[in-house]
Each structure stands twice: as C-alpha cells, then as structure tokens.
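Descriptive structure summary
What follows is each chain in one-letter form.
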Amino acid sequence: MSSALTDLCRYPIVQAPMAGGVSCPQLVSAVAEAGGLGFLAAGYKTADGMYNEIKQLRGMTGQPFGVNLFMPQPNLADPSAVEVYRHQLAGEAAWYETPLGDPDSSGDDGYEAKLAILLEDPVPVVSFTFGCPTRDALDALAGVGTYTVVTVTSPEEAQAAQWAGADAICVQGVEAGGHRSTHRDDPQTDDTGIGLLSLVAQVRETVQLPLIASGGIMRGSQIAAVVAAGAEAAQLGTAFLVCPESGAHLLHKQALTNPLFVRTALTRAFSGRPARGLVNRFVREHGPYAPAAYPQVHHVTSGLRKAAARAGDAQGMALWAGQGHRMARELPAGRLVELLAEELDAAHAAPSTRSTQ
C-alpha cells in the first residue's frame, strides 16, 4: 500500500459508499474501528443530512473515514421518453397505491452545498461518483488536508482524474453492484464494461496514482488478486451490505442469498442510469424500456421503491448487488474486516507454503 493509504487504515480494505441509507454511521464506524476505511454515502441526502451523519460518526469513532459525493449531472434526458416511461409505470403506481415522483426534481444532489461543508469542516477522505471534479475543487480539498479519490470505469477516465489532481483512483469493474460510475452516461456503452482485473491492469499502465479496486470482491483471496494486479486496496460493497450494522432493508439483505434471485444484471429500470442489481420482476418488466434519464427516472420511481419495501415485496425493490452476492456472509462488520484480513494473509502465505513442499 502507498504510505498515504496506509495512514488511513490498517488493512487494505475499503467499505464502499452505498447510497440510500446503507452506508450509515453504524456501519462506517464498525469498519473503521476494525482497521478498514469506512465511507459515508452523501448521495440522495441533503447537505444538512450529510453534516448530521458526519457529526454522529465522529461521536462513534476517532478513526479516519471518507464521505462520497455524487457529481452534478447534465440534463440530457428526453422529456418525452421520460413521460412514456411514466405511463408504463402507471400500473405499478396503482398496484402499490402511491403516486409517481416528479422527474424534474433537482439533478445536482446538493453538490455545491455539500462541498462547501466539507471545505469548512474537513473529513479525512472525500470520493466522487459519476464524474470528475474540477482542479479547483480538488485543490481546495487538498488545501484543507483532505485526501481525494475519483471513481472511474476506464483508463481514459483515470487519466482525466489524474490530470485534475486527484490523490487516488477507485477503479470500478463491471462486476460491481449498484450504479456504474461512468463519467458520461452513454447508452451505447451499456454493454461494454471492463472486468475488474483487466481494468486494474490497464489503469495501472495509464496513471501513476494509487488505485483502489472495486467490483464483485467478497473474499480476502480476491483482495490479494487485485493487489497483485496493481491496486493498493480493495473496495467492497455487497460484502458489507448484509452486516447487521448496514442500513439496507431486511428484504434486500435476505435477497442476496435467496435462491429465488439467481443472477444480476445492469438495468436502468429504477434510476435511468445503468446499475447492477438482482433480477426481479420490476427489472424484467421495465428494464428493457427504461430511458437513459438520470436522475429523472430515479425521482419517478422513488415512491414505488419505498412502497414496495413497505409492502414487503422484494420484486418491486431496487436490490443492488455485485456479481459475487451469493458469497455474502452475515457477520458483524468488524468481524468481517478481520476475516477478510485473515484470508488476505493466508492468500499471501500460500505461494511460499507451496514452494517449500
């Protein structure tokens, strides 16, 4: 690990920022106390909501932690396509007895207000999703002592992040659960994602920054593999989603290992942006018709997703999950960090053990 990342956590284990309440202070503090690097997810929260969670987390741990921000998105959606999709979802609204949301709600996720708070009251690490900040923003964070990480899905995006002045890069393979963190949402690239090991190797040859590898990682042996490929640390999301400290809905946690859900797929059905989740009824029925319209579709389906959860209907929920979801282990977050570290040590020791036999 690079010295900067070594200073942030005892183990090369990063808990992914999972928006929607999953990466709550309880989860982040448990990971941090165990020697990993935990991340709060500021996405879909107000600036005040983010600040309150940071304050709560600081009362739970003195260890370093990170906060993840969503980059503002350009309004490229076709309003007529969004309206057609709203009509298609009318049956869902009737079934769950809840109105569809307003597609014209804010598209910047309160980015500037959140950034202002993080400059006024700095945290150890800030990462970015859905794009790369300006050099001015990254320089400002560096000026207050914050380590910055930009999430990328291609060597070209990694190069842009290096040019902008990021301290490190989170390399997201196509195996990852949740939203693809592409810097530009192009429907023509929906099926062109790169697998994590190949992507880490390509990015390693493109930039000189420390890399954090993310996508489908569930075991310490996989952490060893991405480190061998050129990463300094591994970021895990789905592995921590089932932990008791996670803020994920119980149905979401149960679905990860439920034989009823046999595969994942990238879908725009819930948000209008490609995201990997368990294939359920909603994905099958609406995924093929969902337009490229983020965050408009996210706002439209927000009430439906909440209503499905209240009704105990996992078939109408956004069950974000990486490709390794069936390997999830229902352990306290701190114990999971320790077990991953033990598995990582075992993987490192295995070659030398074989060479002596």
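Residues numbered from 1 in each chain as written. Predicted model: local features only at pLDDT ≥ 70, side-chain atom pairs only at ≥ 80, totals over all residues. Heavy atoms only, no water.

Summarising the sheet, strand E7 (residues 178-179) and strand E11 (residues 275-278) pair through 2 bridges and their orientation is antiparallel. Considered in E11, the bridge of His 179 is made with Ala 275. With 4 bridges connecting them, strand E10 (residues 264-267) and E11 associate as antiparallel partners. Within the sheet, the bridge partner assigned to Ala 265 lies in E11 and is Gly 277. (Pairing = 2+ DSSP bridges. Helix = DSSP H or I, 4+ residues; strand = E, 2+ residues; numbered from the N terminus.)

Here the focus is the packing of helix H2 (residues 25-34) against helix H3 (residues 47-58). Running from N to C, H2 and H3 point in directions that differ by 40 degrees, and their axes come no closer than 9 Å. If you check the angle between H2 and H3, you find them oblique. Seen along the crossing, H2 lies across H3 with a hand that is right-handed. Touching Pro 25, Gln 26, Val 28 and Ser 29 of H2 are Glu 53, Gln 56 and Leu 57, all from H3. (Axes fitted to C-alpha atoms, helices over the stretch in contact; angles between N-to-C directions. Parallel < 35°, antiparallel > 145°, perpendicular 65-115°, else oblique. Left-handed = near helix turned anticlockwise from the far one by under 90°. Contact = heavy atoms within 4.5 Å.)

All right, on to unusual backbone geometry then. A cis amide bond links Tyr 294 to the next residue, Pro 295, at an omega of 10 degrees. Within the secondary structure layout, Pro 295 lies in the loop between helix H13 (281-286) and helix H14 (296-310). We note that Glu 97 has phi near 55 degrees; this positive angle belongs to a residue other than glycine. Locating Glu 97 in the fold gives a position in the loop between helix H5 (90-96) and helix H6 (111-120). Looking at Glu 97, the relative accessible area reads 74%, which means it is exposed. Non-glycine residue Phe 130 carries a positive phi angle of around 75 degrees. (Buried < 20%, exposed > 50% of the residue type's maximum accessible area, 1.4 Å probe, protein only.)

Core analysis: the largest hydrophobic core is formed by 97 residues, its most contacted members being Val 67, Leu 69, Phe 128, Ile 169, Val 171, Leu 236 and Phe 240. Those residues in contact with Val 171 that lie beyond four places of it in its chain are Val 152, Leu 196, Leu 199, Val 200, Val 203, Leu 211, Ile 212, Ala 213 and Ser 214. Membership of the second largest hydrophobic core comes to 13 residues, among which are Leu 8, Leu 37, Ala 168 and Ala 233. (Core = buried A, V, L, I, M, F, W, Y, C linked by side-chain atoms within 4.5 Å.)

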